[in-house]
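Topology and contacts: notes
One letter stands for each residue in the lines below.
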Amino acid sequence: MYDSVAAVDIDQQPRSGHNPALAVFFVVFMIFGCFFVLQLFIATALEQFAKMHQEKGRNVLLTAQQEEWLTIQRMISDTNLRPRPVPLSRSRWRVAVFRCVTSSTFELLVMAAIISNVLLMALTHADMSQAWQHFMSYANVAFTAFFTVEAAAKLVALGWKQYVEASGWSGENCGQAVVGCCCCVQAVATMWIFPCMSSGLVV
């Protein structure tokens, strides 16, 4: 394109930007040649595939055995068979904990706590006041305590195997509780133990 725009005449030296109108030809050619023709080719190919699919009644890229296997996998996926958790012990207190942690109210409470924790973390910003930092710290301790109690209650009621298989949030909540406890220990150590050691109060 640049060579055509710079062309002057036969046996004459090219001059930069001599005939800028020729650039329009290349722009139009690129639009219709690359985009329009390509879209036309893709539309034709898709229409042909759709026609073949209607004629054969199945995916033309799969054999009959592959189509049957895919149908079975879809049926298994739609069935969504998940074992129902059962209490590991018949003791009254453990059954009571099991009923509590498997209730829909408890699940909604945990979901509300997760959303609240995420929203609280999103409120972290630069130049926070001392009061807001203290509020964030106390709220973090409260959420950590809640998730720790929730994980412990589910472990007691369900056992480790059922705890992992019962809900997709269980592993995340357990990991969040462990990380939160580590952060709380680190914060306490930073605020109390290390300053005391530097001042000589801890021998």
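Residues numbered from 1 in each chain as written. Predicted model: local features only at pLDDT ≥ 70, side-chain atom pairs only at ≥ 80, totals over all residues. Heavy atoms only, no water.

A few points about the overall build of the protein chain
The helix and strand tally for the protein chain stands at seven helices and zero strands. Counting helices and strands in the order they occur from the N terminus, the protein chain gives α-α-α-α-α-α-α. The 203 residues of the protein chain split such that 17% are buried. Put simply, of all contacts in the protein chain between residues at least 6 apart along the chain, 50% involve residues at least 24 apart. Taken as a whole, the protein chain presents about 15,900 Å² of accessible surface, with 67% of it coming from carbon and sulfur. (Helix = DSSP H or I, 4+ residues; strand = E, 2+ residues; numbered from the N terminus. Buried < 20%, exposed > 50% of the residue type's maximum accessible area, 1.4 Å probe, protein only. Contact = heavy atoms within 4.5 Å. Areas by Shrake-Rupley, 256 points an atom, 1.4 Å probe, with all protein chains shown as cover.)

A word on the packing of aromatic side chains
Scanning all chains against the criterion turns up five aromatic pairs. Relative to F26, the ring of F25 lies with its centre 5.3 Å away and its plane at 75 degrees, an arrangement referred to as edge-to-face. Taking the relative accessible area as the measure of exposure, F26 reaches 23% and is therefore partly exposed. Look at F143 and F147: their rings are 6.5 Å apart centre to centre, the planes differ by 20 degrees, and that puts the pair in the stacked class. (Phe/Tyr/Trp six-rings, centres within 6.5 Å; stacked < 30°, edge-to-face > 60°.)

Side note on a nonpolar patch on the surface
Together, V24, V27, V28, I31, F32, F35, F36, V37 and L40 give the surface a local cluster of nonpolar side chains, amounting to about 880 Å² of exposed area. Looking at the secondary structure, you find L40 in helix α2 (residues 22-56). (Patch = residues over 30% accessible without salt bridge, like charges linked within 9 Å, V, L, I, M, F, W, Y side chains within 5 Å. Salt bridge = Lys/Arg side-chain N within 4 Å of Asp/Glu carboxyl O.)

Topic: the layout of surface pockets
Taken as a whole, the second largest pocket spans an internal volume of roughly 320 Å³. Lining the second largest pocket are 17 residues, and of these N117, M121, M136, N140 and T144 sit closest to its centre. For the lining of the second largest pocket, the secondary-structure elements that each account for two or more residues are α5 (104-122), α6 (130-166) and α7 (168-199). Per-element tally for the lining of the second largest pocket: the top contributor is α6, with eight residues. Per-class residue counts for the lining of the second largest pocket are nine nonpolar, eight polar and no charged. (1 Å grid on protein atoms, 1.4 Å probe; cavity = no way out; pocket = protein on both sides within 12 Å on 5 of 7 lines; lining within 4 Å. Points joined across faces, edges and corners; volume = space filled by probe spheres on them. Nonpolar A, V, L, I, M, F, W, Y, C, P; charged D, E, K, R; others polar.)

As for the pattern of salt bridges
Within the structure shown, the criterion is met by two salt bridges. Across the pair K154 and E107 runs a salt bridge whose closest N-O atoms are separated by 3.4 Å. Here K154, found in helix α6, pairs with E107, found in helix α5; they are 47 residues apart in sequence, far enough to count as distant. Exposure remark for K154: the relative accessible area of 3% places this residue in the buried category. Notably, a salt bridge pairs K154 with E150, separated by 3.2 Å at the nearest N-O pair. Here K154 and its partner E150 are both found in helix α6, four residues apart, which amounts to about one turn of the helix. Take E150: its relative accessible area is 2%, and that puts it in the buried class.

A few points about the confidence of the model for the protein chain
When pLDDT is averaged across the protein chain, the result is 76; 79% of the residues are at 70 or more. When pLDDT is averaged over each helix and strand of the protein chain, the minimum, 62, is found for α7 and the maximum, 88, for α5. In this model residues 193-203 is a low-confidence stretch, pLDDT under 50, and it forms seven contacts with partners more than four residues away in sequence or in other chains. (pLDDT = per-residue confidence, 0-100.)

Things to note about the side chain of T144
Position of T144 relative to the elements: it lies in helix α6. At 2.7 Å, the side chain of T144 and the backbone oxygen of N140 are in polar contact. For T144, the contacting residues outside a window of four places in its chain are A177, G180, C181 and C184. (Polar contact = N/O pair within 3.5 Å; in protein donor to acceptor, adjacent residues only side chain to side chain.)

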